[in-house]
Amino acid sequence: MITIQDIAYVRSGTADLETAVGFAVDMVGLELVERTEDRAFLRADNRHHCLSFVAGEAGVLASAFTLADEDQLADAETELAAAGLTVTRGDKAAAVDRHVREFIAFEDPFGNVVELVVDQKEVPTPVNFARAAGITEFGHICLDAPDVRAAHKFWTRHFSMKVSDWIGDAACLMRFDPVHHKMAVFKGAGPGLCHMNFQVASIDDVMRSWHFLVDNGIEIEQGPGRHPQSGAVFLYFKGPEGLTYEYSYGVRRIEDDDAWRVRYFDPSEPDAIDMWRGPTNRCASQPQLRGLAAG
Ligand SMILES: O=C(O)c1cccc(O)c1O
Ligand SMILES: [Fe+2]
């Protein structure tokens, strides 16, 4: 069993680094911490970065989680290899590029590239947010997989994750600490990053960002609304090259693990992911989510 400490980062390819960075800074509000000719690193909290862009082909390259130390990393390597996965050790240069000390990489059974890292660099200075979006931290990673049930089996068999809520066969929200979910899997045609989430400090931040993004011509995929699972007020919007961002406020914490009863939401219900039953463009851009569309 591999004990996950936290989410670390999303690493994404981009065919247009300038536009990708411009959006992450000016629209999302992240701090640009480092920029080279073919790389950009952005942060939302004290992690060195939670999002990096690599010039090249567009599309997610990896999603990363933190482990406690090298022994745990070595054990993870052994366990995943024994499960029949191809696990590779990151070399020194690749670790430096990720601002971690050590890492391994593997593909989950659906082809999502996952990196497990040790000692992600901490940057203690206050985050210099590019705009006052109210971001408090990198909230969660949501991956795509064609078989959400099989994904749940994989992530709970090998990792310290527990399901918090199901949305039929369309989504599985998982936790590895008291936060309702920091990892989710949504049904998709293939592997991919469904979205990355940032927590914000208040409902006002969600609503202010909604107006701000609309005023800037940004495509709102869904929201503002309230997720019945975590109870969070949310807003999904689309960045360049199809990268979906989510802001949310008020995610539930599960302090008493044993007392939590896993719930099952029907994805065909109009309030399956939005208790306010607001309009959605998500199914236009992500047809696999059609089952979750309101109305
Ligand atoms: O926060 C949630 O509960 C949630 C539910 C459905 C889909 C999501 O992306 C979520 O973050
Ligand atoms: Fe989410």
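- Looking up the chain in an unreviewed UniProt entry gives the name 2,3-dihydroxy-p-cumate/2,3-dihydroxybenzoate 3,4-dioxygenase, with the organism given as Kutzneria kofuensis.

## So, the site of ligand 1
Piece 1. As a structural note, the neighbourhood of ligand 1 is formed by His140, Ile167, Leu173, His181, Phe186, His195, His227, Gln229, Ser230, Tyr236, Glu246 and Ile273.
Piece 2. Between an oxygen atom of ligand 1 and a side-chain N or O atom of His140, the distance comes to 3.2 Å.
Piece 3. Between ligand 1 and Tyr236, the relevant distance is 2.5 Å, taken from an oxygen atom to a side-chain nitrogen or oxygen of the residue.
Piece 4. Calculation on ligand 1 without its partners gives an accessible area of 290 Å², and the protein chains cover 99% of this total.
Piece 5. Assessed atom by atom at 2 Å from the grid points, ligand 1 resides in the largest cavity.
Piece 6. Along the lines of polarity and charge, the residues of the shell around ligand 1 split into five nonpolar, six polar and one charged.

## Overview of unusual backbone geometry
Piece 1. Between Gly223 and the following residue, Pro224, the backbone shows a cis peptide bond with an omega angle of 0 degrees.
Piece 2. Among the secondary structure elements, Pro224 is positioned in strand β14 (residues 220-226).
Piece 3. For His99, which is not glycine, the phi dihedral falls at a positive 60 degrees.
Piece 4. Tracing the sequence through the fold places His99 in the loop between α3 (92-98) and β7 (102-107).

## Some thoughts on empty space enclosed by the protein
Think of a ball as big as a water molecule: rolled over the atoms, this probe shows where empty space is left.
Piece 1. Counted according to the given criterion, the structure contains two cavities of 30 Å³ or more.
Piece 2. Taken as a whole, the largest cavity encloses approximately 100 Å³ of empty space.
Piece 3. What lines the largest cavity is a set of 13 residues, and nearest its centre among them are Leu173, His181, Phe186, His227 and Tyr236.
Piece 4. Residue composition of the lining of the largest cavity, grouped by class: six nonpolar, six polar and one charged.

## Details of the packing of aromatic side chains
Piece 1. For the structure on display, the rule yields 14 aromatic pairs.
Piece 2. Note on Phe65 and Trp155: the rings are 5.7 Å apart at their centroids and 50 degrees apart in plane angle, and the pair reads as tilted. Remark: Trp155 occurs in helix α4 (residues 148-158) and Phe65 occurs in strand β5 (residues 59-67); sequence separation between them is 90 residues. The pair formed by Phe65 and Trp155 is uniform in burial state, with each residue classed as buried.
Piece 3. Site record: aromatic cluster; members linked through ring pairs are Phe23, Phe138, Phe198, Phe237, Tyr245 and Tyr247.
Piece 4. The ring of Phe212 carries Arg131 above its face, with NZ or CZ at 4.0 Å from the centroid.
Piece 5. Across from the ring centre of Trp166, 3.7 Å away, lies the NZ or CZ of Arg149, which sits over that ring.

Parameters and conventions
Residues numbered from 1 in each chain as written. Chains lettered and ligands numbered in written order. Predicted model: local features only at pLDDT ≥ 70, side-chain atom pairs only at ≥ 80, totals over all residues. Heavy atoms only, no water. Near = heavy atom within 4 Å. Polar contact = N/O pair within 3.5 Å; in protein donor to acceptor, adjacent residues only side chain to side chain. Areas by Shrake-Rupley, 256 points an atom, 1.4 Å probe, with all protein chains shown as cover. 1 Å grid on protein atoms, 1.4 Å probe; cavity = no way out; pocket = protein on both sides within 12 Å on 5 of 7 lines; lining within 4 Å. Sits in = over half its atoms within 2 Å of the grid points. Nonpolar A, V, L, I, M, F, W, Y, C, P; charged D, E, K, R; others polar. Helix = DSSP H or I, 4+ residues; strand = E, 2+ residues; numbered from the N terminus. Points joined across faces, edges and corners; volume = space filled by probe spheres on them. Phe/Tyr/Trp six-rings, centres within 6.5 Å; stacked < 30°, edge-to-face > 60°. Buried < 20%, exposed > 50% of the residue type's maximum accessible area, 1.4 Å probe, protein only. Lys NZ or Arg CZ within 6 Å of the ring centre and 35° of its normal.

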